[in-house]
Amino acid sequence: MTYRQGLKFRHVFGTASKPENSYQNVKISKSAWDSNWIAANNKYVGICWGTAGGGSFAVIPHETSGKLPSNYPRFTGHSGKVLDLNFNPFNTQLIASASEDCSVKIWTIPEGGLTEDISEASQVLLGHNRKVGQVKFNPVANNLLASSSTDQTIRLWDIEKGEEKIKLEGIGGMPQSFDWSFDGSRIVCSAKDKKLRMFDPRAQNTAIQEVGSHTGIKGSRICWLGSRNRFVTVGFSRSADRQLWFWDADNLEKPLIKKNIDTSSGVLMPFYDDDTNLLFLAGKGDGNIRYYEIIDDSPYFAPLNDFASKDACKGACILPKVGVNVSKCEVVRMYRMLATSIQSVSFVAPRKADFFQEDLFPETRGMEPSIDIDQWLEGENTEPTKISLKGGFVAPEPKKKFEPEKKKKEEIVIESNNPEVLRTKLKQAQKIIELNEKKIKDLEALLKTKN
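Residues numbered from 1 in each chain as written. Predicted model: local features only at pLDDT ≥ 70, side-chain atom pairs only at ≥ 80, totals over all residues. Heavy atoms only, no water.

Turning to its location among the elements, D274 is positioned in the loop between β25 (268-273) and β26 (278-283). Although D274 lies buried, it forms no salt bridge, and the closest oppositely charged side chain, K386, sits 4.4 Å away as judged by the N-O distance. A polar contact of 3.2 Å, which involves the side chain of D274, links it to the backbone nitrogen of S227. What D274 contacts, discounting residues up to four positions off in sequence, is F182, L225, G226, S227 and K386. (Helix = DSSP H or I, 4+ residues; strand = E, 2+ residues; numbered from the N terminus. Buried < 20%, exposed > 50% of the residue type's maximum accessible area, 1.4 Å probe, protein only. Lys, Arg positive; Asp, Glu negative; His and termini not counted. Salt bridge = Lys/Arg side-chain N within 4 Å of Asp/Glu carboxyl O. Polar contact = N/O pair within 3.5 Å; in protein donor to acceptor, adjacent residues only side chain to side chain. Contact = heavy atoms within 4.5 Å.)

One finds F280, Y335 and F347 to be the most contacted residues of the largest nonpolar core, which totals 63 residues. Residues within four places of F280 in sequence aside, it is in contact with M269, P270, F271, I289, R290, Y291, V332, M334 and F347. I154, I166, F178 and W180 belong to the second largest nonpolar core, which has 18 residues in total. (Core = buried A, V, L, I, M, F, W, Y, C linked by side-chain atoms within 4.5 Å.)

Here the focus is the confidence of the model for the chain. This prediction gives the chain a mean pLDDT of 90; 89% of its residues lie at or above 70. Residue range residues 408-416 is modelled with pLDDT below 50. Its contacts to residues more than four positions away, or to other chains, number ten contacts. (pLDDT = per-residue confidence, 0-100.)

Turning our eyes to something else, we now look at the pattern of salt bridges. Here the idea is simple: oppositely charged side chains can pair when their charged atoms come close. The full count for this structure, using the stated rule, is 22 salt bridges. Of the charged contacts in the structure, one is a salt bridge between R221 and D34, with a shortest N-O distance of 2.9 Å. Pair noted here: R221 is in strand β21 (residues 221-224) and D34 is in the loop between β2 (23-24) and β3 (38-40), with a separation of 187 residues, a long-range link. The exposure class of D34 is partly exposed, given its relative accessible area of 26%.

Here four strands make up an open sheet; going across it, the order is β21-β22-β23-β24 and the pairing antiparallel. Edge strands, defined here as strands with exactly one partner in the open sheet, are β21 and β24 (257-262). The mean angle between the axes of side-by-side strands here comes to 20°, regardless of whether they run parallel or antiparallel. With five bridges connecting them, strand β23 (residues 242-248) and β24 associate as antiparallel partners. Residue pairing for β24: Q243 is matched across the bridge by N260. (Pairing = 2+ DSSP bridges. Axes fitted to C-alpha atoms, helices over the stretch in contact; angles between N-to-C directions.)

Take a look at the structure:
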């Protein structure tokens, strides 16, 4: 294909980590929920853990590779399975979890990682009245988190105050995937009713655009294409073909282009690196990862190589650019969840790295928020802060310490006689009772070991 010529990253190749440099003896969650099950930042890899009762997840420092002990310490405070994880982009020690128990929790990771189980979260966000399937931090505003639930809402939270700020409604079915725009001003969501919805959360709590999408019965996913005003969706056709569609974010009347990928049955997971314009598609149950270079005009993408493996993937994530090894020309790193291990895949540009390759590593997203949550709520728009990776990256100390305002658990204010509001409050009260009962049991068990 002629448009392959001159593409900067056409020779990038992926290499999987050796077993001794992977994370072995990992207990993968057995939940049937469609999730990536894994997340990463520049210091840790987070994994939704498989447990017999309740829900837990592990956070593993990058340097802790090899076989993990069977009793590896975990965050254990959920009463239902953990379905999704997302690291705070501005604080390496904070992570959000979503659970079947209808709650979202914010956890503080001890420096260096866990040395024992932690059951008490730094913040608990209650409001959803059905299972919470996805969480994602805003890319520019500090302490702003979005969560989606099978209660057919997306809720925006101030994680420090523990308050719900905005509830997005009118989603005609279970949300399957959502993503923030590059500047964090909009949210695009796909749902089980086979429709896409674009939200401007500060303008109105219902969609500003709505359009039909993939017609297959299996799940669809969304990935915003960085600073481009475009995003992609992956899903299935009515005849079960896996599909990749490109969209103009300002006009959802129809996709810019539709492409059938293959007829495999696994859900595709899309990931985008804005610095290289590379789009990665990892399929559940697949051994390979396809990658494409995104271009401005039709056909909008150029197929590059495939990373190939005989090991089937159960989940995947992409590492923020601040975590890659620039001295080895590693332009992207991904993590793949296998049957009992986590494997990293390093995508490298084949160059001699005698000096910093500025064309491979332009300024990238840093770890300083551009605005605070109050500025965002007041309508301010801005883009993510950027930094140079020349000379290496050192994560900055957050300018403002995370100081969660915990509400008294016994106080649940009833402000309405609306039946829907009352049902939500009842669900919150029931969850608080469950959490307290679990804490009592944990303390009783601990006392037995001390006697």
